[in-house]
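Residue-level structure breakdown
The chain contents come next:
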Amino acid sequence: MKRASLAWLIVLMTFTVACARRPRPTLVAPTSTSAQPTATFVQPAIASTRSPQPSPTMTRAGVASPTATRVTPLDYPFDKKNMFFGTGSIRRPEDAALAQDLGITWVSGQPLVVWFAVEPTPGIYEWSQIDAEIKQVQALGIDITMALHPINVFGANRTQLLERVKAQGGNVSNMSFAIQTFLRDSPESKQWKLYPHAETLPLWLDFIRAAVDRYDGDGKNDLPGLRYPVRNWHFVQEFPMPDWDNAQTYVQVLKQTYTAIKNENPEARVILVGLAGNYARYFAFADGLIQDEDAGVVKGVKRPRQAIAANPALKREKSEFEYILREGKGYFDIADIHLYEEKDTFIEGKIEWLKRKMQEFGYSTPIWSLEGGGPHRDPPGKPTRFGDPYFGDWSAKENAEFVVKLHVMGAAKGMARYHWDLSSTDDTDYWNGPWTVMGLTTSRRVKKPSYYAFKTMTDKLKDFESIKDVSAENTRLFEFAVGNRKVYVAWSSDATPRVYDVSRWLGNTQVIVTPIVTQTQADGKPITPPTQQVSSTAVLLSTTPVFINTD
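Presented here is an overview of the structure given in this document. Keep in mind that what you see is a predicted model, and the values were worked out from it rather than measured. Think of each chain on its own: its residues are numbered from 1, step by step along the sequence as written. Where local features are concerned, this predicted model is filtered to residues with pLDDT of at least 70; where side-chain atom pairs are given and counted, the filter is 80 or more; whole-chain, interface and lining totals use all residues. Excluded from the side-chain calculation are hydrogens and water; included are all heavy atoms of the structure.

1. So, the overall build of the protein chain
- When helices and strands are counted, the protein chain shows 16 helices and 25 strands.
- Per-residue burial over the protein chain gives 57% buried out of 551 residues.
- Only heavy atoms enter the contact rule, under which two residues are in contact if any of them lie within 4.5 Å. Look at the contacts in the protein chain between residues 6 or more apart in sequence, and 73% of them connect residues 24 or more apart.
- Under the convention used here, a 1.4 Å probe and the Shrake-Rupley method define accessible areas, while residue burial counts only the protein chains that appear. In the form shown here, the protein chain has an accessible surface area of approximately 22200 Å², with 50% of it arising from carbon and sulfur atoms. Numbering goes from the N terminus for both helices and strands, where a helix is a DSSP run of H or I of at least four residues and a strand is a run of E of at least two. Only protein chains enter the calculation, and the probe is 1.4 Å; a residue is then buried if its accessible area is under 20% of its type maximum, exposed if over 50%, and partly exposed in between.

2. With respect to the pairing of strand β6 (residues 145-149)
- Burial analysis of β6 places five of its five residues in the buried class, which makes it a mostly covered element.
- Side chains of β6 alternate between two faces, with T145, A147 and H149 and M146 and L148 buried alike.
- Here a strand pair is declared whenever DSSP counts at least two bridges between the two strands. Bridge count for strand β4 (residues 112-114) against β6 is three bridges, and the pairing is parallel. Within the sheet, the bridge partner assigned to L112 lies in β6 and is A147.

3. Considering the side chain of E238
- Within the secondary structure, E238 sits in strand β8 (residues 238-239).
- Residue E238 is classed as buried on the basis of its relative accessible area of 3%.
- Contacts described as polar in this section are N or O atom pairs within 3.5 Å, which, within protein, must combine one atom able to donate a hydrogen with one able to accept it, while residues neighboring in sequence count only if both atoms come from side chains. A distance of 2.6 Å separates the side chain of E238 from the side chain of H338, its partner in a polar contact.

4. Regarding the pattern of salt bridges
- Each reported salt bridge corresponds to a side-chain nitrogen of Lys or Arg within 4 Å of a carboxyl oxygen of Asp or Glu. As enumerated under the stated definition, the model contains 32 salt bridges in all.
- Put simply, R209 and D206 hold a salt bridge, and the shortest N to O gap is 2.9 Å. A residue pair is termed a helical-turn pair when its members lie 3 or 4 positions apart in one helix, as R209 and D206 do in helix α8 (residues 201-215) at three residues.
- The residue R498 makes a salt bridge to D494 at a minimum N-O spacing of 4.0 Å.
- When its relative accessible area of 44% is taken as the criterion, R498 is described as partly exposed.
- According to the relative accessible area criterion, D494 is buried, its value standing at 15%.
- Beyond isolated ion pairs, a larger network of salt bridges with shared partners links D287, K318, E322, K357 and E360.

5. Focus: the packing of α8 against helix α9 (residues 247-264)
- Here the axes come from fitting lines to C-alpha atoms, over the contacting stretch only for helices, and the angles between their N-to-C directions go from 0 to 180 degrees. Look at α8 against α9: their axes get within 9 Å of each other, and the N-to-C directions meet at 30°. By crossing handedness, the relation of α8 to α9 is classed as right-handed. Only V253, Q256, T257, A260, I261 and E264 of α9 make contact with α8, whose side of the interface consists of L201, W204, L205, I208, R209, V212 and D213.
- Its residues placed into classes, the contact of α8 with α9 shows eight nonpolar, two polar and three charged. By definition, any crossing whose near helix is turned counterclockwise from its far helix by less than a right angle is left-handed, and any crossing with a clockwise turn is right-handed. Residue polarity is assigned by list, with Asp, Glu, Lys and Arg as charged and Ala, Val, Leu, Ile, Met, Phe, Trp, Tyr, Cys and Pro as nonpolar; anything else, Gly included, falls into the polar class.

6. Re the sheet that holds β4
- With parallel pairing, the four strands of this open sheet are ordered in space as β4-β6-β7-β9. Each of the sheet's edge strands pairs with one partner strand only, and the pair in question is β4 and β9 (269-271). On average, adjacent strands in this sheet sit at an angle of 25° to one another, irrespective of strand direction.
- Taken strand by strand, α8 contacts β4, β6 and β7 (232-235), and its axis lies near 160° from that of β7.

7. Structural notes on the sheet that holds strand β3 (residues 106-107)
- The strand order across the open sheet formed by three strands is β3-β2-β17, and the pairing between neighbours is parallel. Each edge of the open sheet is held by one strand with a lone partner, namely β3 and β17 (418-419).
- Of the strand pairs in this sheet, strand β2 (residues 85-87) and β3 are connected by two bridges, and their pairing is parallel. Each residue of the ladder has a partner; that of T87, found in β3, is V107.

8. Thoughts on the packing of helix α2 (residues 93-102) against helix α15 (residues 449-461)
- Running from N to C, α2 and α15 cross one another at 45°; their axes reach a closest spacing of 9 Å. When the axes of α2 and α15 are compared, the pair comes out oblique. Side by side, α2 and α15 meet where L98, D101 and L102 of the first sit next to Y451, F454, K455 and T458 of the second.
- In the contact of α2 with α15, the residues fall into four nonpolar, one polar and two charged. For this classification, under 35 degrees means roughly parallel, over 145 means roughly antiparallel, 65 to 115 means roughly perpendicular, and everything else is oblique.

What is shown is where atoms sit, not what they do.
So, in structure tokens, the structure goes:
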């Protein structure tokens, strides 16, 4: 899920105008959650359900892989590396070259592990798609995040669910995504109980143990051809979770899932459900951590801080997420926050809110952003349900500026890893609107100004060791330690460039100023502003960030 569905948010926000929704046929809730398969069970990925023999891509619960002969554990090559710059996934052949050119170190949502697709029959696992994606990404030397979607149903109820999804227009060629979309949009999501619960929880725990065992690189039962261990396990993509009963249920399953993962691989990292960017904005604004009053905007209407804080629906969701943070303590290794930003004035308050909440509950963990981008606005002339017209239209210039600003401010607030989509979506995709323009390339992989800005950023800041925020007044200035050098990133609030004296921080010396690309020519080639050598007492700054070197 890119972020909490706006339609779902509007249902919760009782003070906003109701969103018009197409009427849906009444969905009959499942009458049984039996884990036993039936004769009518649909299995597109497995030809036979009668005791298939294990193979390199198919295994049975409790049966070791017949091809796992290596006994020497694999090294994990990322322990002492800076892993800050990441993307969501690498899908097409051309994506590999783009990712390597940009210095991408990790993927935040690949492979997508939909339990429904991998275990269509209880105890039988079809690993082929996951295996292929892991091999593809590992061939590039990039770290992987297993994006866990713990949804499943068996027997007659599975057949019923598949039929209902197809009847409502689900894409049968990508049934996993179709079911996720169905659950996200259907008011009967909770009734299906596709999350692990009393009857399916033992099957889920067997499944997750088998998955960790297959990809942990310990030399036993591993995927043939595995290059290094898979350590990142993201347990549920995003909060709020419309298809789960409540936060209590999530925490109960989280604790057992965490234990199962750690028992198989003590070095694994369990990542908590990610807080959706719009909810993070409301929570942080309500608690006074975002000063920009535009943070209270909901569907084109600016709400004061008191109204956001007092809204019953938001108070309920805030209490639910705080419960997860409080009661989940000790059962996750990484906190996740989704940083889709309409304005660059929101991000720091969001991160600060999450940090303070964990401190309030007596602990601190690393924070990653497994989803993010900006500006989160609709493209010009193409309004959608995901964009808010209050914030105006997306622009290529701001897209390039946001790439640098959000990464830099995120790093300065202590983020350990950050995500930006490599490519945009199509207008016909479920996730359209802002997602058709926020990526570094178009859906056809045409490089945008933001691509070149990202490239400049990683060239300058790759393997940075520390960052210090030395901003003052309306000047934002950040000092990065990169090897034995210092690299500065600076911008101001001035729409028109203005001269600033930054010698207080850089010393009275000559500096090299490197601008970022914010435009491309008609043929797609970047319009690259020239690098300049100037005095640190007279550096031209504006809302567009620049990189400054003293050597």
